[in-house]
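Each chain, letter by letter, is given below.
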Amino acid sequence: MGALGHLASGPGFWPTASMTEFSAHHLVDLFRLFALRLAEARIDLGALDGAIGDADHGNSMAEGFAAVVRATLAAPQDLPGPLMAVAARSFLSAVGATTGPLYASALQAGSRRLGERASFGPEDVAALVGAFADGIAHRGNARPGDKTMMDVWFPAARAVAEAARSGASPLEQLRQAERAAAEGREATRAMIAAVGRAARLGPRSLGHVDPGAASAAILISALREWLEAQVGDPPMGRIG
Ligand SMILES: [Mg+2]
């Protein structure tokens, strides 16, 4: 790279992969994909919840993210971080019960991660997994093994952190998170619910996938799907 080497580190000068930047518009697009994938899973999530809860989880998640899309489309806000705070508030007003505050807290943590910057990058998209996990952990009282959404968010966040440490691209970090999320979702089958409505079933909750774990895995897959559509596979030999 020689004499140009020092210039390559300057922002906005050298065409590196990390220059891919997303705006508030992209964030609404991501929320649209969340809403779409959850709408497609609405019946299945309701059936999972029907087995161990009150069958409302599919409706809660699909309607919650539909409300997020409506609110963020209408919001006069072109900073991604504050727009995600709009998403948090709209999810909270649309969804009651346990799920509303948990994902509102997740989105609020995502908003803090994006801060007041005008744009965000692929690494921020991957880092949303950890931010959401932190936000949910901060609000909820479930621990790993309690058969909740945390049994997906914790291992997925750990997978992102480990992949990032080993130098994996943001897309690869999300692929690892998606694998960890799928394993975490399946692992809830062998767990006895310790918190929430399903805890009343005791051992009868065994053998059922937790609906919150299933919807968490859908969100993580959607993050991967969305980033993949934006950046694709890094071409061989790209600088940066
Ligand atoms: Mg329910």
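Before any of the text, the structure's been laid out above.
## Details of the coordination of the magnesium ion
Each protein donor to the magnesium ion is listed here as D49 (OD), D54 (OD) and D56 (OD); together their distances run 2.1 to 2.2 Å. Between consecutive donors of the magnesium ion, the numbers of intervening residues give the motif D-x4-D-x1-D. When its relative accessible area of 8% is taken as the criterion, D49 is described as buried. Under the relative-accessibility criterion, D54 is labelled partly exposed at 36%.

## Side note on the packing of helix α2 (residues 24-40) against helix α4 (residues 57-74)
In helix packing, the relevant descriptors are the interaxial angle and the interaxial distance, both defined with respect to the helix axes. At a minimum axis separation of 8 Å, α2 and α4 run at an interaxial angle of 155°. Taken together, the axes of α2 and α4 lie roughly antiparallel to each other. In this structure, α2 meets α4 at a crossing whose hand is left-handed. Of the residues in α4, those in contact with V28, F31, R32, F34, A35, L38 and A39 of α2 are M61, A62, F65, A66, V68, V69, T72 and L73. A per-class count over the contact of α2 with α4 returns 13 nonpolar, 1 polar and 1 charged.

## Concerning the environment of L174
Note on placement: L174 falls in helix α9 (residues 170-187). With a relative accessible area of 0%, L174 lands in the buried category. Excluding residues within four positions of it along the chain, L174 makes contact with V125, A126, V129, L223, R224 and L227.

Parameters at a glance
- Here the residue numbering is sequential within each chain, running from 1 through the sequence in written order.
- Under the rules for a predicted model, residues below a pLDDT of 70 receive no local features and side-chain atom pairs below 80 are neither given nor counted, while totals for whole chains, interfaces and linings still include all residues.
- Only heavy atoms go into the side-chain values, all of them from the structure, while hydrogens and water stay out.
- Note on donors: an N, O or S atom is included if it sits within 2.8 Å of the metal, or within 3.2 Å for Na, K and Ca, and water is never included, so sites can look incomplete.
- Here the term buried applies to any residue with accessible area under 20% of the maximum for its type, exposed to any over 50%, and partly exposed to those in between, with areas from a 1.4 Å probe on protein chains only.
- Between N-to-C directions, angles span 0 to 180 degrees; the directions come from axes that are lines fitted to C-alpha atoms, helices contributing only their stretch in contact.
- Numbering goes from the N terminus for both helices and strands, where a helix is a DSSP run of H or I of at least four residues and a strand is a run of E of at least two.
- Small angles under 35 degrees read as roughly parallel and large ones over 145 as roughly antiparallel, with 65 to 115 read as roughly perpendicular and the rest as oblique.
- Helix crossings are classified by the rotation of the near helix relative to the far one: an anticlockwise turn of less than a right angle makes the crossing left-handed, while a clockwise turn makes it right-handed.
- Residues are treated as being in contact if the distance between any of their heavy atoms lies within 4.5 Å.
- Classification convention: Asp, Glu, Lys, Arg as charged; Ala, Val, Leu, Ile, Met, Phe, Trp, Tyr, Cys, Pro as nonpolar; all other residues, Gly among them, as polar.

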